[in-house]
Structure formats: structure tokens, C-alpha cells
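# Observations on chain architecture
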Amino acid sequence: MTLLRRILPALLLLAAAGAPAFAGGNVNVLLGQRFMDENDWGPVDKPVAYGVQTDFALFGWPVNLAVGLHESRKSDSFTGPPNQSRYDVTGTFTELDLGVVRPFDPGYGIHPYIGGGLAAVHAKKEADHSSGGSREGSDTTEGIYLAGGVYWKLGERFNLGVHARIVAGSGMTLGNQDASPDYYQAGALFGWSWE
């Protein structure tokens, strides 16, 4: 079971229980295409990513507090030396964010937003050789994230929109190889809001 599946119910429960105590907020599910450095993560450098982003507006604050949990996993194969052997590679990435988000309300049900903060990223890369050997490496690092997007309110509570995000400034060591889990991502957003 992945970390996201274990923590998602707790995040949703926290958001539902805490909603009356805050001036407003959102719980949004993000689904997107992630793009990472091919030299570090090939052939698993373009995974589909999913996550939950929650933000809470405190009375009188110009920005909302934001907490997010994101995950991606991809498996792929390639052939390489020696003797054009087959390698099966899996990359798994889990990210926990803490930051702020500034939503805007220009009217007409449109809500653009920008935000950013700190990101803790855990990455694991596994490679299985066709002869039966295998290698793996994992590490955890910190970086910063920037996010933005726009969503439309459908009725009074439901959000539907698009998002983009990047993680930068992170580095790690997988086995004896330096790698960076930095990425950029774009995709869809849907969720729930309260005021």
C-alpha cells in the first residue's frame, strides 16, 4: 500500500473536521503528467502523478496554509550493455508539501491561484536485469515547490480546473549515482471547497 493511500483518508477527515474552524479552503485532487531529467530517471522520467492538495484560509490572513501529498510510479524496460540485455526499471516518487497558496476571486466563478513552499521528496529506483540480477537505490531530499492554476466553481462547492507545478533545488544519491527528483508537471484538478 502506498503512502498516499494510507494518508489520504486522514487528510480528507482533517479537512472535513476542520472546515468550520477556518474562513474557507479547498481539498483538490491533482492528476497530471510529470517531466523529470531523462539522464537521472530514464526510462521512467515521465510518470503520471496524482495527489491531494488541501488549503485552509485563516481569518484575516492574505494567504491560505497549504498541505499536499503527491505520488507517482512508472515501470518501463530498455535494452543495453552487455549483450543488449533487457532491464526492467521502476521509479516511485512520494512528496509531502507544506506551504502557502494565494487564491484570487476575479468573479464569474473563476479562481486563479499561485503558491509555493517546502517539499520533502522520497524517490526509489529499481532495475531488474534479464539474467536475474537487480539493483535499487532510494533517498529522501528537500526542495521548494511552486504551483499555480485556475479552477471554476461548479455550484457552491465543487472545483474543476487545471494546474501546473514544479519542484526545484533538490538532490539525492541513489546507490552511487547523484540524481535530482526535480520536475515540472501539468494536468487536471478537481475537488471541493467551503467558505
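Residues numbered from 1 in each chain as written. Predicted model: local features only at pLDDT ≥ 70, side-chain atom pairs only at ≥ 80, totals over all residues. Heavy atoms only, no water.

## Overview of the pairing of strand 6 (residues 134-154)
Remark: a regular strand shows side chains that alternate across the two faces of the sheet. The test is simple: Whether two strands pair depends on DSSP finding at least two bridges between them. Strands are runs of DSSP state E lasting at least two residues, helices are runs of H or I lasting at least four, and both sets are numbered from the N terminus onward.
Where strand 5 (residues 110-129) lies against strand 6, 19 bridges are found, and the strand directions are antiparallel. In the sheet register, Ala 119 faces strand 6, and the bridge partner there is Gly 143. Examined bridge by bridge, strand 6 and strand 7 (residues 158-168) share eleven bridges and lie antiparallel to one another. Its bridge partner being in strand 7, Ala 147 is matched across the sheet by Arg 165.

## Some points on the packing of aromatic side chains
As a reminder of what qualifies: Two rings belonging to Phe, Tyr or Trp (six-membered ring only in the last case) form a pair when the distance between their centres is within 6.5 Å. Interplanar angles under 30 degrees mark stacking, angles over 60 mark edge-to-face geometry, and anything in between is tilted. Under the scheme applied here, a residue whose accessible area is under 20% of the maximum for its type counts as buried, over 50% as exposed, and between as partly exposed, the area being computed with a 1.4 Å probe on protein chains only.
Going through the model one piece at a time under the given rule, you end up with six aromatic pairs. Relative to Phe 93, the ring of Trp 41 lies with its centre 4.8 Å away and its plane at 80°, an arrangement referred to as edge-to-face. Of the two residues, Trp 41 sits in helix 2 (residues 38-41) while Phe 93 sits in strand 4 (residues 85-103), which places them 52 residues apart along the sequence. Each member of the pair Trp 41 and Phe 93 is classed as buried. Both rings, one in Trp 192 and one in Trp 194, keep their centres 5.2 Å apart while their planes meet at 35°; by these two values the pair is tilted. According to the relative accessible area criterion, Trp 192 is partly exposed, its value standing at 31%. By relative accessible area, which is 5% here, Trp 194 ends up buried.

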